[in-house]
Amino acid sequence: MAAILRKTVVLVGMMGAGKTAIGTGLAKRLAVPFLDSDAEIESAAAMSIAEIFERDGEAFFRDRETEVIGRLLDGTPGILSTGGGAFLAERNRRMIHDRGVSVLLDADVDLLWSRVKHKNTRPLLRTADPRATLEEIYAVRAPVYGLADLSVKARGDYSIPEMVEKVVEV
Ligand code: S3P
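Residues numbered from 1 in each chain as written. Predicted model: local features only at pLDDT ≥ 70, side-chain atom pairs only at ≥ 80, totals over all residues. Heavy atoms only, no water.

Novice: Before we move on, can you summarise the overall build of the protein chain with the specific residues and values?
Specialist: A count of helices and strands for the protein chain gives eight helices and five strands. Sequence-ordered secondary structure for the protein chain, helices as α and strands as β, is β-α-β-α-α-α-β-α-β-α-α-β-α. Counting only residues that meet the buried cut, the protein chain has 45% of its 170 residues in that class. Put simply, 74% of the contacts in the protein chain that link residues at least 6 apart link residues at least 24 apart. Carbon and sulfur atoms make up 54% of the accessible area of the protein chain, which totals about 8,500 Å². Distance between charge centroids for the protein chain: 3 Å, based on 23 positive and 25 negative side chains. (Helix = DSSP H or I, 4+ residues; strand = E, 2+ residues; numbered from the N terminus. Buried < 20%, exposed > 50% of the residue type's maximum accessible area, 1.4 Å probe, protein only. Contact = heavy atoms within 4.5 Å. Areas by Shrake-Rupley, 256 points an atom, 1.4 Å probe, with all protein chains shown as cover. Lys, Arg positive; Asp, Glu negative; His and termini not counted. Charge placed at Lys NZ, Arg CZ, Asp CG, Glu CD.)

The structure is reproduced here in structure tokens:
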């Protein structure tokens, strides 16, 4: 990956895969802007993602997500961390494919669960059995994530700088 990006690198993958942490490190490493679609949506709405889901519903959130990703892809190329569901929508995949390069951070369910289980920030996991829900979401999404241009295996025993180097190497 060249140090000066021609296209935005779009990190995709499940909640807990490390998109934000690795994206932040990668942007620093390449000296390019770090962009985060969830953070943009939250600051525009002055509400958390959970509050947006609760007040306006998931469909509303998904429309904001598409708008924000489109706008960020139009700006200076950088590293864009997307929410775990963003790559599921065909309209988003098309934009990302045309104007960016998608990189899947591919983590297994045990690793994802170890990272998300103590947090209450993911509205989709507010169920009676969040681990089972995570597994169901993973099973549905895995084939779609497989459409990403590139894939990097996320491992629990890699530090963030090590993961950043893995992504730089692809
Ligand atoms: C979602 C993942 C979240 C956030 C929202 C929906 C999903 O982002 O966009 O809660 O559908 O997987 P992270 O992947 O950063 O947790």
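Having seen the model, we can carry on.
Novice: Break down the site of the ligand for me, citing the residues and quoting the values.
Specialist: In the region of the ligand, 13 residues are neighbours, and K19, D38, R62, R122 and R141 sit closest. In the environment of the ligand, an oxygen atom lies 2.8 Å from a nitrogen or oxygen atom belonging to the backbone of G84. Contact distances for the ligand include 2.7 Å between an oxygen atom and a side-chain N or O atom of R141. Burial of the ligand by the protein chains amounts to 93% of its free accessible area of 390 Å². Class assignment for the residues of the shell around the ligand results in five nonpolar, three polar and five charged. (Near = heavy atom within 4 Å. Polar contact = N/O pair within 3.5 Å; in protein donor to acceptor, adjacent residues only side chain to side chain. Nonpolar A, V, L, I, M, F, W, Y, C, P; charged D, E, K, R; others polar.)

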